[in-house]
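Below, each chain spelled out in residue letters.
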Amino acid sequence: MKSPAFEYVRAESVADAMSAYAEADGDAVYLSGGHSVVPSLALRLQAPALLIDLSNIAALSGISLHDGWLRIGAMTRHVQALKDPLIAAHAPLFTAAAPFVAHPAIRNRGTLGGSLAHADPASEFPAAAVAMRAELEIASSQGIRRVPADDFFVDIYETAIEPGEVLQAIHVPSPVAGQVIGFDEIARRRGDYAMVGAAVQAVSRGSGLEDVSIALFSVGNHPVRARKAQAALTGRMIDADAIADAQAALEDDLDPPDDPQFPASMRLHLARVLLGRVLANLEAVA
Ligand SMILES: Cc1cc2nc3c(=O)[nH]c(=O)nc-3n(C[C@H](O)[C@H](O)[C@H](O)COP(=O)(O)OP(=O)(O)OC[C@H]3O[C@@H](n4cnc5c(N)ncnc54)[C@H](O)[C@@H]3O)c2cc1C
């Protein structure tokens, strides 16, 4: 199928983009990498009158360090998450997640901002953002606000971005001494969306793990913070007992969807297996 006809405009600034959206009375869609928007047009899942291209806006690009936070412009491509040394050093879960996202052709065009704004519950980068306790910089006609990733993902394909607002950047707090991370997923084929995925970050001290942060994906309508599993690991060294307790805690943390192809009990089982695998292979990043 071909997409319905639409107008196209390339915005030169965030203000430009927002006023084009307002002039179209909201019958418009922002376009960044286009790898979710364009298929949805071709499948006629949506038919906006106007596509507003964000790719030329300077405020949405660039990767820079400020006061212990890495600012990653929303237009940063998936492939940069894989290769950029600043992202690898200061937002390492994005680097760990990137090889699992689709295939090279898609990673060359798809953007981090587009992935987070799209908020597919099976996507890798949203869970990595939650686990890293990232904050999302959103521009509106009222100004700019920062929303913690925990509050950003509201529901399936729904975020804290209101109609017409623009996600400008992702801010990630830099790793502290002793920080460890782990990321993995179970998918039918490499590059497919995950059946279950896990992003984990913690600080490893002589006395055990601190600041444990676990986000699971493809287990609900958005990335799910596994609070009981986090508590089960806090203050403990990683060993078989600690891992078993965290796996058991997922029973309370998760309420996965049930469908005949993929029953909830199977998803919970896979989440436990995957979390055990990730916890047994945590890597030091600072
Ligand atoms: C074959 C295939 C396989 C894929 N596999 C995976 C996978 O395994 N894992 C995965 O995570 N993704 C996968 N994707 C999706 C891909 O990663 C997309 O690129 C990504 O989800 C969206 O990023 P984008 O830059 O292409 O955004 P676009 O498609 O341009 O936009 C996505 C949505 O976000 C909105 N938007 C974009 N940027 C902004 C912004 N700055 N502010 C406000 N709203 C904005 C758009 O209006 C749109 O609603 C796959 C895609 C394809 C085609």
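The text that follows walks through the structure, step by step, so that each part is easy to find. Quantities reported herein were computed from a predicted structural model and do not represent experimental measurements.

### Re the site of the ligand
Step number 1: Contacts to the ligand come from 30 residues, most closely from Y30, G34, T111, S123 and E124.
Step number 2: Take G34: an N or O atom from its main chain is 2.7 Å from an oxygen atom of the ligand.
Step number 3: Coverage of the ligand by the protein amounts to 86% of the 970 Å² it exposes when considered alone.
Step number 4: Contributing elements (two or more residues each) for the shell around the ligand: strand 2 (28–31), helix 7 (112–118) and strand 10 (166–173).
Step number 5: No other element matches helix 7, which puts four residues into the shell around the ligand.

### Concerning the pairing of strand 6 (residues 135–140)
Step number 1: Burial of strand 6 is extensive: five of the six residues sit out of reach of the surface.
Step number 2: As judged from the six bridges shared by strand 6 and strand 7 (residues 143–148), these two strands associate in the antiparallel manner. Residue pairing in the sheet places L136 in a bridge with V147 of strand 7.
Step number 3: Across five bridges, strand 6 lies against strand 10 in antiparallel orientation. When the sheet's bridge partners are listed, E137 is paired in strand 10 with A169.

Definitions and cut-offs
Residues numbered from 1 in each chain as written. Predicted model: local features only at pLDDT ≥ 70, side-chain atom pairs only at ≥ 80, totals over all residues. Heavy atoms only, no water. Near = heavy atom within 4 Å. Polar contact = N/O pair within 3.5 Å; in protein donor to acceptor, adjacent residues only side chain to side chain. Areas by Shrake-Rupley, 256 points an atom, 1.4 Å probe, with all protein chains shown as cover. Helix = DSSP H or I, 4+ residues; strand = E, 2+ residues; numbered from the N terminus. Buried < 20%, exposed > 50% of the residue type's maximum accessible area, 1.4 Å probe, protein only. Pairing = 2+ DSSP bridges.

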